Amino acid sequence: MNMSKTITFDGKVIPFEDGQTIMDAAMAADIYIPHLCHQPEFTPHGSCKLCTVKVNGRNCSACTFPAMEGQEVLSETKELINDRRRITQMLFVEGNHLCPGCEKSGNCQLQAVGYHLNMLDSHFPHFYPDRKVDASHPDVMIDQSRCILCTLCVRASQQEDGKSVFAVSGRGINKHLIFNAQSGLLKDTDLETADRAAHICPTGAIIIKRTGYRVPIGQRVYDHKEIDQVSLETETEHLKHGEEI
Amino acid sequence: VKQFIQGIAANSRYQATHLLQILRQIQFRYHYIPQAAIEQLSTLLNIPRTQIISVAEFYSFLHLEPRGQYEFLISDSITDHMLGKKNLIGYLAKKLDVGVGEVREDGVVSLDNTSCTGMCDQGPAGLVNGYALTRLDHSAIDKIAELVNQQKPLNEWPAELFQVDDNIYKSGLLLNQQIEQGAALRSAFKRGINETLTEIDKSGLRGRGGAGFKTAMKWRFCSEEQQAEHYVVCNADEGEPGTFKDRVLLNSYADQVFEGMTVCAAIIGARQGLVYLRGEYLHLHDKLQRILEQRRQNGLLGNNILNTGLDFDIEIHLGAGAYICGEESALIESLEGKPGIPRNRPPYPVTHGYLGKPTVVNNVETFLAAAAIAVNGGDWFANIGTEKSKGTKILSISGDCARPGIYEYTFGVTVQTILDDCGAADVLGVQVGGPSGTFISNQELGRRLAFEDLATGGSIIIINSTRNILAVAQNFTHFFAHESCGFCTPCRVGTSLLKNQIDKIVEGHGASGDIVALEELCRLVKNYSHCGLGQTAANPIITTMERYLDLYEKQLKDISFEPGFDLDGALETARRLANRDDVGAHLAQTVATGSVPVATFLTSMDGGNADDCREQSWPPSQTGGE
């Protein structure tokens with residue numbers, strides 16, 4: 001392993017290996033950069049833009065931008081923290097996120113990122129979109145009101161489950177999830193409850209039926225830990241032990 | 001349906017990369033993409049049906065629900081509005097008895113708006129079943145309505161409805177003399193391929209799409225990639241509102257453009273070239289195919305070109321109504337038959353482009369210039385222009401001037417010179433580079449067109465003092481919200497927030513905090529968006545606000561907060577239910593003191609008389625309760 005190459009991250013020198021993104025290098029160095037569309041196991045997507053960092057003065061998505069020798073990366077600056085809060089607020093107003101009535105509350109990454117960034121209101125006017133619910137599948141329900149278009153379900157279905165149950169369709173503010181069945185209904189797809197795609201949603205858009213309240217509110221993941229800690233504990237396994245880079 | 005689809009799929013050799021081309025043909029034939037077609041294509045092309053649906057739902061010209069046998073789309077460019085578009089579409093709707101955004105009950109006609117169709121010098125313009133309609137007026141619409149009611153096929157419609165003029169008013173280095181067919185290739189091979197690249201380098205030619213990357217450097221990078229396949233792509237997806245010069249180049253100088261692509265192929269080692277022609281220029285498609293065929297017959301395309309051992313051919317792909325496909329990586333995605341969503345970069349197309357192979361993507365004008373340089377040498381081009389901007393730039397000029405059309409200028413020309421040449425008077429400002437570019441005020445007309453000062457892809461829209469600048473910024477902001485691909489949060493959500501925010505201000509509901517909110521939103525969309533669309537989407541507001549902040553402020557109410565909706569209008573249903581209309585059943589929005597009536601805006605663009613207009617999307621109709 002060649003660990004001689006380094007970048008400077010918020011003033012700290014951290015190593016990276018060829019092929020790693022800035023996000024990979026940060027995670028390996030136990031540094032959290034807020035993100036929602038990224039999971040290290042899947043091809044980076046770079047769409048939520050929460051992981052935007054300043055690389056040599058230029059804004060880049062940490063999850064897709066390659067680490068390169070000599071980069072000066074800024075992440076926890078006042079400006080970036082404020083703007084990440086604004087981007088999170090955009091995700092909130094775009095859909096219908098009613099945390100108190102959502103069974104994902106406490107296990108929801110969108111909510112947890114909101115807490116992490118000290119988001120106290122929605123700031124922007126709400127869109128209140130009229131979006132579809134698909135409850136046709138016996139075990140899985142999808143409420144598109146809570147979808148943030150991260151495409152993790154799309155990627156997990158393709159890259160881990162070997163299927164293509166999900167896709168994102170439409171354009172601009174009208175983007176939405178579609179399901180691979182002639183009827184367009186989830187029940188007619190080959191989605192199974194054990195599929196990774198059924199469990200990867202960072203919000204409450206894809207939920208497993210009849211399991212929502214097994215863990216009471218107050219005892220859920222983000223009720224006890226901040227998302228930065230959870231992310232570094234769970235998502236970096238793959239980087240540290242998974243592949244031999 | 002089955003046979004038809006089997007046929008076109010077979011013609012496309014069952015390649016999924018041709019999906020968009022196949023769907024275009026289905027739309028043209030059936031006026032929508034039937035579900036049966038999706039299922040059949042999924043099997044024939046061996047791709048998930050979701051991929052087909054996502055392509056159909058991405059491009060504005062494709063529909064999953066039936067449109068009329070005559071699909072009318074009317075251009076929503078600001079220049080069309082300046083020419084009275086709003087009244088015309090209202091008239092058209094009335095004559096055809098169909099609402100904007102609707103299909104007539106008998107299924108014969110549908111009508112909608114569309115983004116700029118590239119006919120700004122001969123608008124108001126539109127499309128019928130994809131074919132360009134120009135210079136629409138009441139008498140043309142009367143004629144059209146009659147033809148539709150007689151259900152006359154398009155090929156029996158009078159040609160003048162479809163007549164598209166070049167309108168070249170000023171020629172320079174490039175437009176003055178078209179090179180002879182084959183001359184650039186002969187010169188290039190005679191001089192030597194590497195030496196020709198050196199000449200292009202020496203010419204200082206930079207990409208003409210607007211970004212201005214050095215052409216020779218791009219070609220060299222691509223040629224150095226050790227891959228069996230390389231591709232040459234010509235970006236003819238001229239979607240920037242107010243731009244139409246590529247349409248003219250492809251109408252009258254296509255041979256030279258193809259020759260430029262072939263020279264590029266010789267240099268980078270490509271065997272396949274692709275032209276991505278915007279769907280709005282369907283009328284050019286057959287003509288371009290004929291020119292390609294002629295070049296094949298003359299030994300300038302195909303195998304062993306001019307007996308030099310070079311094998312190269314060019315294929316034309318049509319777009320389907322998506323501005324974002326002008327972004328090179330989105331264009332490549334679209335060429336591969338996918339939704340036009342910009343890729344993450346790096347890697348760049350020169351290393352990983354079409355089908356993941358090294359690819360040069362250049363603008364139509366860049367290939368035109370490269371061919372001329374291959375003939376005349378680098379100095380011929382580099383001798384004129386400015387230090388960082390060599391040669392000439394071909395401009396599309398439209399808006400408030402006597403002679404809208406095509407003008408070629410040596411780089412460094414002042415805006416004032418251009419205005420004098422095209423006959424513009426009483427100028428309030430000039431939109432340079434289209435909505436994504438810069439608005440300059442009449443105090444800045446001494447500025448120069450060059451990469452050092454005002455860089456432009458070629459769109460120049462002149463706005464005189466009878467126009468309302470906020471209405472212009474609003475039109476552009478709506479355009480970007482409509483064209484955002486929706487990939488990244490700041491652009492997907494931000495452009496729609498911008499649209500709602502500027503509407504709120506223009507409609508007279510803005511309060512003092514709303515300008516600050518607008519500025520913040522502009523900054524977020526600009527700084528965090530994934531690609532050039534989002535990064536420039538706030539420019540119309542930013543650049544007009546910098547220059548005419550007072551106009552924005554005049555629109556505000558003198559209070560710190562104003563509800564974003566019409567309070568009294570919201571009570572309308574309750575009033576009806578209660579059968580009341582007394583004073584107590586009404587609510588004042590606020591105690592307003594400083595607002596300007598919105599009617600001023602709505603009428604100033606079209607010269608008044610907005611009442612019979614059924615259009616809903618632009619400009620946003622004032623909410624009820626008046």
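We now turn to the structure provided with this report. Just so it is clear, the structure is predicted and the values come from calculations on it, not from any experiment.

**Regarding the overall build of chain B**
Piece 1. Per the secondary structure count, chain B includes 27 helices and 16 strands.
Piece 2. Along the three orthogonal principal directions, the C-alpha set of chain B runs to about 90 × 60 × 45 Å.
Piece 3. Taken across its 626 residues, chain B has 62% of its residues classed as buried.
Piece 4. When contacts within chain B are restricted to residue pairs at least 6 apart in sequence, those whose partners lie at least 24 apart make up 74%.
Piece 5. By element, 48% of the accessible surface of chain B is carried by carbon and sulfur atoms, the whole surface being about 22,800 Å².

**Some thoughts on the sheet that holds strand S2 (residues 102–103) of chain B**
Residue and element names in this part refer to chain B.
Piece 1. Taken together, the 5 strands give an open sheet; going across it, the order is S2-S3-S1-S4-S5, and neighbouring strands pair in mixed fashion. Both outer strands of the open sheet, S2 and strand S5 (131–133), are each paired with one neighbouring strand and no more.
Piece 2. Strand direction decides the pairing type here: S2 and strand S3 (residues 109–114), joined by 2 bridges, are antiparallel. Pairing of Val 103 across the sheet is with Ser 110, part of S3.
Piece 3. Its contacts with the sheet put helix H6 (residues 85–96) on strand S1 (70–75) and S3, and the angle it makes with S3 is roughly 170°.

**With respect to the sheet that holds strand S5 (residues 72–74) of chain A**
Residues and elements named next belong to chain A.
Piece 1. Read from one edge to the other, the open sheet built from 5 strands follows the order S2-S1-S5-S3-S4, with strand pairing classed as mixed. Looking at the sheet topology across the chains shown, the edges are occupied by strand S2 (12–15) and strand S4 (58–61). Between one strand and the next, the sheet's axes are offset by a mean angle of 35°, whatever the strand orientation.
Piece 2. With 2 bridges connecting them, strand S1 (residues 6–9) and S5 associate as parallel partners. The residue bridging Phe 9 from the neighbouring strand is Val 73, located in S5.
Piece 3. Contacting strand S3 (52–55), S4 and S5, helix H2 (residues 78–94) crosses the sheet at an angle of about 155° to S3.

**Brief notes about unusual backbone geometry**
Residue and element names in this part refer to chain B.
Piece 1. Note that the residue after Gly 123, namely Pro 124, is joined by a cis bond; omega there is -10°.
Piece 2. Its location among the elements puts Pro 124 in the loop between S3 and strand S4 (126–128).
Piece 3. Residues Arg 345 and Pro 346 are joined by a peptide bond in cis, for which omega reads 0°.
Piece 4. The backbone phi angle of His 31 is positive, close to 65°, even though this residue is not glycine.
Piece 5. For His 31, a relative accessible area of 11% puts it in the buried group.
Piece 6. Phi is positive for Leu 306, which is not a glycine, with a value near 50°.
Piece 7. Tracing the sequence through the fold places Leu 306 in the loop between strand S9 (302–305) and strand S10 (310–318).
Piece 8. For Leu 306, a relative accessible area of 25% puts it in the partly exposed group.

**Some details on the packing of helix H9 (residues 183–191) of chain B against helix H10 (residues 193–203) of chain B**
All names here are of chain B.
Piece 1. Between H9 and H10, whose axes approach to 6 Å, the crossing angle comes to 110°. By the angle between their axes, H9 is roughly perpendicular relative to H10. The hand of the H9/H10 crossing is right-handed. Residues Ala 188, Phe 189 and Arg 191 of H9 form the contact with H10, whose own contacting residues are Ile 193, Glu 195, Thr 196 and Glu 199.

**Details of the interface of chain A and chain B**
The accessible area lost on association of the parts is a frequent measure of interface size.
Piece 1. With 41 residues of chain A at the contact, the number on the chain B side is 39 residues.
Piece 2. Both sides together, the interface formed by chain A and chain B hides about 3,200 Å², and carbon and sulfur atoms give 55% of it.
Piece 3. For the chain A face of the interface with chain B, the top three residues by lost area are Met 90, Arg 171 and Gln 182 of chain A, together amounting to 23%.
Piece 4. Counting across the chain A and chain B interface gives 4 salt bridges.
Piece 5. Across the pair Arg 171 of chain A and Glu 483 of chain B runs a salt bridge whose closest N-O atoms are separated by 3.1 Å.
Piece 6. Across the contact surface, chain A and chain B share 23 residue pairs in polar contact (both at pLDDT 80 or more).
Piece 7. Going through the elements one at a time, H2, strand S8 (166–169) and strand S9 (176–179) of chain A are the ones with two or more residues in the side of chain A that touches chain B.
Piece 8. Sort the elements by how many residues they give to the side of chain A that touches chain B and H2 of chain A lands first, with 9 residues.
Piece 9. Tallied by class, the residues present in the side of chain A that touches chain B amount to 20 nonpolar, 14 polar and 7 charged.

**Topic: helix H3 (residues 109–116) of chain A**
Residues and elements named next belong to chain A.
Piece 1. Of all 8 residues in H3, 6 are buried; the element is thus mostly enclosed.
Piece 2. Of all the residues in H3, the buried ones are Gln 109, Leu 110, Gln 111, Ala 112, Val 113 and Gly 114.
Piece 3. Where H3 is buried, its residues meet H2, helix H5 (221–224) and helix H6 (227–234).
Piece 4. In the segment just after H3, Asn 118 is the residue with positive phi, at about 60°.

**Remarks on the pairing of strand S7 (residues 231–236) of chain B**
Residues and elements named next belong to chain B.
Piece 1. Of all 6 residues making up S7, 6 are buried, and the element is well covered by its neighbours.
Piece 2. The side-chain alternation of S7 yields two buried faces, one formed by Tyr 231, Val 233 and Asn 235 and the other by Val 232, Cys 234 and Ala 236.
Piece 3. Sheet analysis places S7 next to strand S8 (residues 272–277), joined by 6 bridges and oriented parallel. Bridge pairing links Tyr 231 to Gln 272 in S8.
Piece 4. In the sheet, S7 pairs with strand S11 (residues 359–363) via 5 bridges, with the strands oriented parallel. Residue pairing for S11: Tyr 231 is matched across the bridge by Thr 359.

**Structural notes on the nonpolar core**
Piece 1. Ranked by size, the top nonpolar core spans 132 residues in total, and within it Phe 166 of chain A together with Leu 23, Ile 26, Leu 41, Tyr 59, Ile 324 and Tyr 552 of chain B carry the most contacts.
Piece 2. Residues contacting Leu 23 of chain B, with those up to four places away along its chain left out, are Ile 33, Leu 41, Ile 52, Val 55, Ala 56 and Leu 62 of chain B.
Piece 3. Within the second largest apolar cluster, 62 residues are counted, among which are Ala 236, Val 263, Val 275 and Ile 305 of chain B.

**Quick word on the side chain of Gln 39 of chain A**
Residue and element names in this part refer to chain A.
Piece 1. With respect to the helices and strands, the residue Gln 39 is situated in the loop between helix H1 (22–28) and S3.
Piece 2. Judged by relative accessible area, which is 10%, Gln 39 ranks as buried.
Piece 3. Excluding its chain neighbours within four sequence positions, the residues that come into contact with Gln 39 are Gln 109, Leu 152, Arg 196, Ile 200 and Glu 235.

Cut-offs used in this document
- Residues numbered from 1 in each chain as written.
- Chains lettered and ligands numbered in written order.
- Predicted model: local features only at pLDDT ≥ 70, side-chain atom pairs only at ≥ 80, totals over all residues.
- Heavy atoms only, no water.
- Helix = DSSP H or I, 4+ residues; strand = E, 2+ residues; numbered from the N terminus.
- Buried < 20%, exposed > 50% of the residue type's maximum accessible area, 1.4 Å probe, protein only.
- Contact = heavy atoms within 4.5 Å.
- Areas by Shrake-Rupley, 256 points an atom, 1.4 Å probe, with all protein chains shown as cover.
- Pairing = 2+ DSSP bridges.
- Axes fitted to C-alpha atoms, helices over the stretch in contact; angles between N-to-C directions.
- Parallel < 35°, antiparallel > 145°, perpendicular 65-115°, else oblique.
- Left-handed = near helix turned anticlockwise from the far one by under 90°.
- Buried area = accessible area lost by both parts, 1.4 Å probe.
- Salt bridge = Lys/Arg side-chain N within 4 Å of Asp/Glu carboxyl O.
- Polar contact = N/O pair within 3.5 Å; in protein donor to acceptor, adjacent residues only side chain to side chain.
- Nonpolar A, V, L, I, M, F, W, Y, C, P; charged D, E, K, R; others polar.
- Core = buried A, V, L, I, M, F, W, Y, C linked by side-chain atoms within 4.5 Å.

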